[in-house]
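Structural description and commentary
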Amino acid sequence: MSENEKAPLLSSDPVPIYPNLQPSDDPGKKVESSPVNDYPKIDINYSWSGWNDRGFAIAFWIHLIIVIILAFALGIKAVHTDSIKPFDDPTRTVFDYNASLFLRVFVGAAFCSGAVAFFAFFVLQRCAGRIIKCALYMGVAMQILLCITLFAVAWPMGLITLIFVAISIWYIYKVRNRVAFAEAHIQVGCAALRSHPMILGIAILMLFIQLFWVLIWALMALVFEHAIIASENPHSSGGAGGLVTIVLMTSLFWGALTFRNITHFVTACIVGGWWFPEDERQQYAVDTSVKRAFTTSFGTISFGSLILAFIKALRFAAQANEDRARQENNIVLLIFSCISVCILRIFEGLISYLNDWAFIFSALTGQSFRTASRSFLDLFEQRGWTMVVNDDLAGSALTIVTIAIGFVSAAIGGISVFVSMPQSGSRAAIAGMAAFFCFKIGIAMGTILSSILSSGVRTAFVCFAMNPAALGVTHPEHLQNLLDAWYKFHPDAFIQSGFAAQFPRPTASSSNIYA
């Protein structure tokens, strides 16, 4: 256990990190309020002994060095060998183009998708109070359009889609009273992010690092692909090939998730610095947060990212087996693969959910991964808050926006390539490949940028559970908005948490979030 975890996380002597507020049947009853300065005090120690989960940090850097060496020592040679064959050679298959063309289309798709994603990020920040409503209505509109199209082509499929439209409308009706509650917290998260625009620059930098990582990994993977093709019997050792696939995909996901979660970590620090008073705000400063993400907390980020990367790699292998079973009409393998994919999807969603909260706690408190994972569960259990509905609403809204970013990027990229290319038999196929890359990269970038907003919202939840009084000092208007939302939509849960005695319902509100 590190010194950070042995030392108390708050400066107040007997007061725990989360004030033990007992619920009261009488909300008007006055109880001792938690001090405004009662928040995590991080003992930052940049020496090696102060690093949390440092074994995983060492493993990640060794893994990164190995990938880079293989990519540049052997991968470039493999690309040169592959590029000798002309891209319009009639012996090539539809997507079998030379590597240089592949890289040009990939880089162009990245820039196109990035521009669309960052424009959407700017719009989302400016329309924080209407994100969920617009996204839910947009989702229904897309379903209705699809329903009309299917009725014209195959009416049975249109009828099934109509049922989903009815379910979506029913869902919007059921959660209509909780939309404003979720949007109140989104407004707080967006306000914190707007006050620190540097987070957008960090997100851009991490996006470029992730793209560079994918390219380096692709060069390394090309070495293995050429080795398999050059072998006399590439299918002779299916078990070994499956193991190699899992290792390679774990490597890809581990690097991508680690760099993405660094942005998540820094975002949580920024919201913490915006929430809590200025006397100890330096521990959440952007430069300090970035330095912590790459030093004392890098092992924590690598640890959580490795767990999720391995599960993603297993799911990828299971899906590959499922596809192979369909082609071979192997019913036993197909059933086993489908069950495996379903189980792994559930575990993937659970681990991703736990990781997000654990990284927030690590950012705010300096705890290791395992300790932070327990801390957020203890906090919400103590408060009696589940937040399931709010997470579903915010997550659904950001998912719809992310999908929209992917489709817009695909349309712009595909049309641009088709118009700019000379006449060729491969023109339409290459434009289709560009649209496919734009869609995939647009989804990836939209997911990363939307995760920044999600990180801000979730960090606001954690900070509110830790100490709402701090927000009353730094940004009282946002505290009033949150109190209005809690009293209007979750009064019982707020009273059960014990906060009602400290924060009575505002008599008059200046908030316009319900307008």
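Source: prediction; values computed, not measured. (Residues numbered from 1 in each chain as written. Predicted model: local features only at pLDDT ≥ 70, side-chain atom pairs only at ≥ 80, totals over all residues. Heavy atoms only, no water.)

**Some thoughts on the overall build of the protein chain**
Within the protein chain, the secondary structure is distributed over 17 helices and 0 strands. Relative to its 515 residues, the protein chain shows a buried fraction of 50%. Considering only residue pairs separated by 6 or more positions, the protein chain has 80% of its internal contacts joining residues 24 or more positions apart. (Helix = DSSP H or I, 4+ residues; strand = E, 2+ residues; numbered from the N terminus. Buried < 20%, exposed > 50% of the residue type's maximum accessible area, 1.4 Å probe, protein only. Contact = heavy atoms within 4.5 Å.)

**Notes on the pattern of salt bridges**
Tallied over the entire structure, the rule returns 4 salt bridges. Salt-bridge contacts for Glu348 lead to Arg315; the nearest nitrogen and oxygen are separated by 2.4 Å. Of the two residues, Glu348 sits in helix 11 (residues 331-365) while Arg315 sits in helix 10 (residues 298-328), which places them 33 residues apart along the sequence. Just as Glu348 is buried, Arg315 falls in that class too. Arg326 serves as the salt-bridge partner of Glu322, at 2.8 Å between the closest nitrogen and oxygen. Placement of the pair is Glu322 and Arg326 together in helix 10, with a separation of 4 residues, close to one helical turn. Judged by its relative accessible area of 15%, Glu322 falls in the buried class. (Salt bridge = Lys/Arg side-chain N within 4 Å of Asp/Glu carboxyl O.)

**Let's talk about helix 9 (residues 286-294)**
What helix 9 keeps buried is the set Val286, Thr288, Ser289, Arg292 and Ala293. Within helix 9, the buried residues cover an arc of 160 degrees as seen down the axis, which keeps them to one side. (Arc of directions from axis to C-beta.)

**Notes on the nonpolar core**
Ile132, Trp217, Ile262, Trp275, Val462, Phe464 and Phe494 are the most contacted members of the largest nonpolar core, which totals 136 residues. When residues no more than four places from it in sequence are discounted, the contact partners of Trp217 are Val67, Leu248, Met249, Ser251 and Leu252. (Core = buried A, V, L, I, M, F, W, Y, C linked by side-chain atoms within 4.5 Å.)

**So, the side chain of Thr459**
Within the secondary structure layout, Thr459 lies in helix 14 (residues 427-466). Taking the relative accessible area as the measure of exposure, Thr459 reaches 0% and is therefore buried. At a separation of 2.7 Å, a polar atom in the side chain of Thr459 contacts the main-chain carbonyl oxygen of Ser455. Leave out the neighbours within four places in its chain, and Thr459 touches Ala268, Val271, Gly272, Ile360 and Leu364. (Polar contact = N/O pair within 3.5 Å; in protein donor to acceptor, adjacent residues only side chain to side chain.)

**Some points on the packing of aromatic side chains**
Under the criterion given, the structure shown has 23 aromatic pairs. Ring plane angle 70 degrees and centroid distance 5.4 Å describe the contact between Phe60 and Phe298, whose orientation is recorded as edge-to-face. With Phe60 in helix 2 (residues 54-83) and Phe298 in helix 10, this residue pair connects regions lying 238 residues apart in the sequence. Looking at Phe60, the relative accessible area reads 0%, which means it is buried. (Phe/Tyr/Trp six-rings, centres within 6.5 Å; stacked < 30°, edge-to-face > 60°.)

**Considerations on the confidence of the model for the protein chain**
Detailed reading of the predicted coordinates is not advisable wherever pLDDT is low. Overall, the predicted model of the protein chain reaches an average pLDDT of 78, with 80% of residues at or above 70. Under a pLDDT of 50 for its full length, residues 91-97 has, in the predicted model, 17 contacts with residues more than four places off or in other chains. Within the model, the stretch residues 509-515 combines pLDDT values under 50 with 15 contacts to residues more than four positions away or in other chains. (pLDDT = per-residue confidence, 0-100.)

**Description of a nonpolar patch on the surface**
Taken together, the side chains of Met157, Ile160, Ile163, Phe164, Ile167 and Trp170 define a hydrophobic patch exposed on the protein surface, amounting to about 640 Å² of accessible area. By secondary structure assignment, the location of Ile160 is in helix 5 (residues 155-174). (Patch = residues over 30% accessible without salt bridge, like charges linked within 9 Å, V, L, I, M, F, W, Y side chains within 5 Å. Areas by Shrake-Rupley, 256 points an atom, 1.4 Å probe, with all protein chains shown as cover.)

**Here's the deal with the packing of helix 10 against helix 11**
Between helix 10 and helix 11, the least distance of the axes is 9 Å, while the angle of their chain directions is 165 degrees. Taken together, the axes of helix 10 and helix 11 are roughly antiparallel relative to one another. The two elements helix 10 and helix 11 cross, and the hand of that crossing is left-handed. Looking at the contact of helix 10 with helix 11 residue by residue, the classes come out as 15 nonpolar, 10 polar and 7 charged. (Axes fitted to C-alpha atoms, helices over the stretch in contact; angles between N-to-C directions. Parallel < 35°, antiparallel > 145°, perpendicular 65-115°, else oblique. Left-handed = near helix turned anticlockwise from the far one by under 90°. Nonpolar A, V, L, I, M, F, W, Y, C, P; charged D, E, K, R; others polar.)

**Digging into helix 10**
Between its first and last C-alpha atoms helix 10 spans 44 Å; for 31 residues at 1.5 Å apiece the expected length is 45 Å, and the two agree. Downstream of helix 10 by one or two residues, Asn329 has phi in the positive range, about 55 degrees. (Expected span 1.5 Å × (residues − 1).)

**Thoughts on the side chain of Thr263**
Checked against the element boundaries, Thr263 lands in helix 8 (residues 238-275). Since its relative accessible area comes to 2%, Thr263 is described here as buried. Leave out the neighbours within four places in its chain, and Thr263 touches Ile199, Ile202, Ala203, Met206 and Ile452.

**Quick word on the environment of Ile144**
Mapped onto the fold, Ile144 is located in helix 4 (residues 131-153). Taking relative accessible area as the criterion, Ile144 reaches 37% and is therefore assigned partly exposed.

**Overview of the environment of Ala221**
Positionally, Ala221 belongs in helix 7 (residues 198-230). Sequence separation between Ala221 and Met249 is 28 residues; the distance between their C-alpha atoms is 9.5 Å.

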